[in-house]
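Topology and contacts: notes
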Amino acid sequence: MALDPALIRKSYPIYRHFAGTGETFIYLDNAATTQKPDSVIDAELAYYREFCANVHRSPHKLGEEATNCFELARASIAKFLNIDDPSQAIFTSSTTGSINIVANILAGQYLKPGDVILLTPSEHHSNLVPWQMAAARSGATLEFIDIFPDGTFDYDQVGRNWNPRTKVLAFQHASNVTGAIHDVETLSGLARHNGALSVIDGAQAVAHLPVDLNALDCDFYAFSGHKCVGPTGIGVLYGKRELLERFTPVFGGGEMILRVQRQSSTYNALPYKFEPGTPNIAGAIGLGAAVEYLMGLGMSEIASYVDALAEYACQRLSKVDRVTIAGPLTNRTGAISFNINGCHPHDIASILDHRGIAIRAGVHCAEPLMEALGVASTARASFYFYNTRDEVDQLVSALENTKEILGQ
Amino acid sequence: MSLESIFNELLIDHSKFPRHYGHIGNSNISVEGNNVMCGDQIVLSARVVDGKIDKIAFTGKACAICTASSSMFCDNAEGQTLDHIEHARSIFQKYLRSEPISDEDKKFLGDAAALEGVSKLPSRVKCASLVYEAWNIMRKRLLDEAPPTAVVTTE
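These numbers were taken from a predicted model, which means no experiment stands behind them. Every residue gets a number counted from 1 within its own chain, in the order that chain's sequence is written. Chain letters and ligand numbers both follow the written order, the letters beginning at A and the numbers at 1. Only residues with pLDDT of at least 70 get local features here, since the model is predicted, and only at 80 or more are side-chain atom pairs given and counted; chain-wide, interface and lining totals rely on the full set of residues. The basis for every side-chain value is the complete set of heavy atoms in the structure, and neither hydrogens nor water enter the calculation.

Let's talk about the overall build of chain B
- Broken down by element type, chain B carries six helices and four strands.
- Ordered by position from N to C terminus, the α and β elements of chain B give α-α-β-β-β-α-α-α-α-β.
- Note on method: radius of gyration uses C-alpha positions; expected globular size equals 2.2 Å times residues raised to 0.38. Relative to the 2.2 N^0.38 estimate, which gives 15 Å for 155 residues, the radius of gyration of chain B is 14 Å and therefore close to what a compact globule would have.
- When its C-alpha atoms are laid out on the principal axes, chain B stretches across 40 × 35 × 25 Å.
- Exposure categories follow from relative accessible area, calculated using a 1.4 Å probe and restricted to protein chains: below 20% of the type maximum is buried, above 50% is exposed, and the middle band is partly exposed. Per-residue burial over chain B gives 50% buried out of 155 residues.
- Contacts are assigned to residue pairs that have any heavy atoms within 4.5 Å of one another. Here the analysis covers contacts within chain B between residues at least 6 apart in sequence; of these, 58% occur between residues at least 24 apart. A run of DSSP states H or I qualifies as a helix once it reaches four residues; a run of E qualifies as a strand once it reaches two. Both are numbered from the N-terminal end.

Structural notes on helix α6 (residues 125–142) of chain B
Residue and element names in this part refer to chain B.
- In this model, α6 (18 residues) spans 26 Å end to end at C-alpha, consistent with the 26 Å of a helix rising 1.5 Å per residue.
- At Val131, α6 is deflected by roughly 35°, the largest bend along its length.
- Most of α6 sits out of view: 14 of its 18 residues are buried. Working rule for helices: expected span equals 1.5 Å times residues minus one. The bend reported for a residue corresponds to the angle between axes fitted to the seven residues ending at that residue and the seven starting there.

What to know about helix α8 (residues 184–193) of chain A
Residues and elements named next belong to chain A.
- Turning to α8, its buried residues are Val184, Leu187, Ser188, Gly189, Leu190 and Ala191.
- Contact partners of the buried residues in α8: α7 (155–160), β5 (166–172), β6 (197–201) and α9 (213–216).
- Here a polar contact is taken to be a pair of N or O atoms separated by no more than 3.5 Å, where protein atoms must pair a possible hydrogen donor with a possible acceptor and residues adjacent in sequence count only if both atoms sit in side chains. For α8, the N-terminal cap is Asp183; the gap from its side-chain oxygen to the backbone nitrogen of Glu185 is 3.1 Å.
- Once α8 ends, the next one or two residues include Gly195, with phi positive near 75°.

Comments concerning the environment of Ala46 of chain A
Residue and element names in this part refer to chain A.
- Considering the arrangement of structural elements, one finds Ala46 in helix α3 (residues 38–50).
- According to the relative accessible area criterion, Ala46 is buried, its value standing at 16%.
- Along the chain, Ala46 and Gly286 lie 240 residues apart, while their C-alpha atoms are 9.7 Å from each other.

A closer look at the domain arrangement of chain A
All names here are of chain A.
- Domain delimitation follows an automatic or database domain assignment. You can read the domains of chain A as domain 1 (5–30 + 298–405) and domain 2 (41–296).
- Both faces considered, domain 1 and domain 2 share a buried interface measuring about 2,500 Å² in area, 62% of it formed by carbon and sulfur atoms.
- For domain 1, the biggest contributors to the area lost against domain 2 are Met299, Thr333 and Leu369; these three give 24% of the whole.
- Here a salt bridge means any side-chain nitrogen of Lys or Arg lying within 4 Å of a carboxyl oxygen belonging to Asp or Glu. Run the count over domain 1 and domain 2 and you get zero salt bridges.
- The interface formed by domain 1 and domain 2 includes 14 residue pairs in polar contact (both at pLDDT 80 or more).
- For the side of domain 1 that touches domain 2, the secondary structure elements donating two or more residues are α12 (299–318), β12 (335–340), α14 (367–373) and β15 (378–382).
- Per-element accounting of the side of domain 1 that touches domain 2 gives the leading share, six residues, to α14.
- When residues are grouped by polarity, Ala, Val, Leu, Ile, Met, Phe, Trp, Tyr, Cys and Pro land in nonpolar, Asp, Glu, Lys and Arg in charged, and all others, Gly among them, in polar. Of the residues in the side of domain 1 that touches domain 2, the class split is 21 nonpolar, nine polar and three charged. In this description, buried area is defined as the sum, over both parts, of the accessible area (probe of 1.4 Å) that is lost when the two are combined.

What about the packing of aromatic side chains?
All names here are of chain A.
- Planes of paired rings set the category: under 30 degrees apart is stacked, over 60 is edge-to-face and the rest tilted, where pairs are Phe, Tyr or Trp rings (Trp by its six-membered ring) whose centres lie within 6.5 Å. Here the structure, examined in full by the defined rule, presents 20 aromatic pairs over all chains.
- An angle of 85° between the planes, with centres 5.6 Å apart, marks the rings of Tyr384 and Tyr386 as edge-to-face.
- Given the relative accessible area of 0%, Tyr386 is considered buried.
- Members of the aromatic cluster, each reached through a chain of ring pairs, are Tyr12, Tyr15, Phe18, Phe25, Tyr27, Tyr293, Tyr384, Phe385 and Tyr386.
- A cation over a ring is seen here: Arg389 above Tyr312, with NZ or CZ 4.2 Å from the ring centre. Any Lys NZ or Arg CZ found within 6 Å of a ring centre and within 35 degrees of that ring's normal is scored as a charge over the ring.

Structural notes on the interface of chain A and chain B
- Contacts between the two partners involve 16 residues from chain A and, on the opposite side, 20 residues from chain B.
- Across the chain A/chain B interface, buried area totals approximately 1,500 Å², and carbon plus sulfur atoms make up 61% of it.
- Of all residues in chain A, the largest losses of buried area upon contact with chain B belong to His346, His354 and Ile405 of chain A, amounting jointly to 32% of the total for that side.
- Our count for the contact surface shared by chain A and chain B stands at one salt bridge.
- Between Asp347 of chain A and Arg124 of chain B there is a salt bridge; the shortest N-O distance is 2.7 Å.
- At the junction of chain A and chain B, the tally comes to seven residue pairs in polar contact (both at pLDDT 80 or more).

A word on the nonpolar core
- Among the nonpolar cores identified, the biggest contains 159 residues, and Phe385 of chain A together with Phe7 of chain B are the most heavily contacted of them.
- In terms of residues, this core owes the most to one element, α12 of chain A, which gives 11 residues.
- For this core, the two domains that each supply at least three residues are domain 1 (5–30 + 298–405) and domain 2 (41–296) of chain A.
- Among all residues touching Phe7 of chain B, those that are not within four sequence positions of it are Asp347, Ser350, Ile351, Ile405 and Leu406 of chain A together with Ile12, Ile65, Leu121 and Arg124 of chain B. Within this scheme, the nonpolar core is defined by two criteria: the residues are buried Ala, Val, Leu, Ile, Met, Phe, Trp, Tyr or Cys, and they are joined through side-chain atoms within 4.5 Å.

Remarks on the packing of helix α2 (residues 9–16) of chain B against helix α3 (residues 64–77) of chain B
Residues and elements named next belong to chain B.
- Orientation of α2 relative to α3, taken along the N-to-C sense of each, is 85°, at an axis distance of 8 Å. With respect to α3, the element α2 is oriented roughly perpendicular. In this structure, α2 uses Leu10, Leu11, His14 and Ser15 to contact α3, whose residues at the interface are Ala64, Ile65, Thr67, Ala68, Ser71, Met72 and Asp75.
- Across the contact of α2 with α3, the residue classes tally to six nonpolar, four polar and one charged. Only C-alpha atoms enter the line fits that serve as axes; for helices the fit covers just the stretch in contact. Angles between N-to-C directions range over 0 to 180 degrees. Angular relationships are summarised with four words: roughly parallel below 35 degrees, roughly antiparallel beyond 145, roughly perpendicular across 65 to 115, and oblique for the angles in between.

Here it is in structure tokens:
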């Protein structure tokens, strides 16, 4: 069934708030973070108000309830991403946290001097800087895939140009700047065929399309809760079981051990081996509620709604004089980066903000991509399933007005 | 405050037709200002003779607010002493914090007084400030108080 944004907004406190104040609230910064529905906020609050206790250690009813809800959240996430075994879903702080764990593990236990880490130039800094650090530590080097001006690239060429010393292929499932969606199944297959591990930044993709990790068959996959209607400060790292078992943890502490002696310790089983210390319990429970909410709406329904809205937005924007869109027109998420010749993205964002329209401007944590696109920065409007065509129209008319104000 | 009064005619004029934009043939000092997150990048150069700014100019790619502020700053700084410009910087900082300033101080700012509205856009104060921070480092270098390689940011 097609999604109805008017109905959806009724479950979002922020939309009810602005409906009450009467202020214009057009939120088009969903690639930065999404708004949260009642069910997510309520789930976090319930933990703090009704069963606040530590997990996996407190021998009382409250502790049992907290543990139960925490593990149910993990089970929901496993179902959401079609992961066979929930213990392969490790709670972390964020996509950034997840990638740093993998990069740290691989730098210390897998990469050798002269090995190659292959990336795209479109990576968010969170999937670039940790690899720069891993390379510096292990003696590996970074290489980059050639991209087209819209952020897409030729998979066959990646195969043809494959450097046999490549040991890691790390890339984004979808770009936070261009919105381009990449084929994880093909690329992780290419990595596997060539004896390399695949590490996927799923931050932008998980919110927008059905993700079946069983079918995608990648080695590691990272995402954040807050970009898919969940809380901030919680993320997930998925890993193939044999890899998670083979590697030793990079952070030590409570919970991640079975037995501790003065000189050494025995590590706990998965997933706890990679979850030292008291986790973000409320955040995990909130994320469980978020993925249940998304499954309730249907990820295919969300994808088709946002696809149609993004296509409409691209069409309207491309007809605005002097607007250039930096990204593909199809096979994309709702993140649309653009420039208006003669208007700086930050000025555009400030003027739109004055009209109640929230967009992002800048380099979007992807400085090398700006260089590849040949721009200093972009403006970015990013849409989600609670946005409407009417909001696209208001964006377009505000952009016309922006050009006038800036004397263009 | 309306958008039109924030992005007023004088601001737009300075951003579209920046004064003192370009290179100085025989400059003896330059400082780079770089706000990486938003993509504002300027280079402020000057020729300093006997403790006075004989010539000052800037280049770079920046937003309307940063460009206009740089243009207005240079307009005001050329021919002045370091102390004079430093005084302008301290007034301007107060101005951007929405602190009250006297009419005399406002006059001292010259065209930069047209940037009053920027104080109503908290996320853009850094854009208007970039040239002043570049200046601050330039002044410190002239007084041997800062290393020669400093790149400034207001982010």
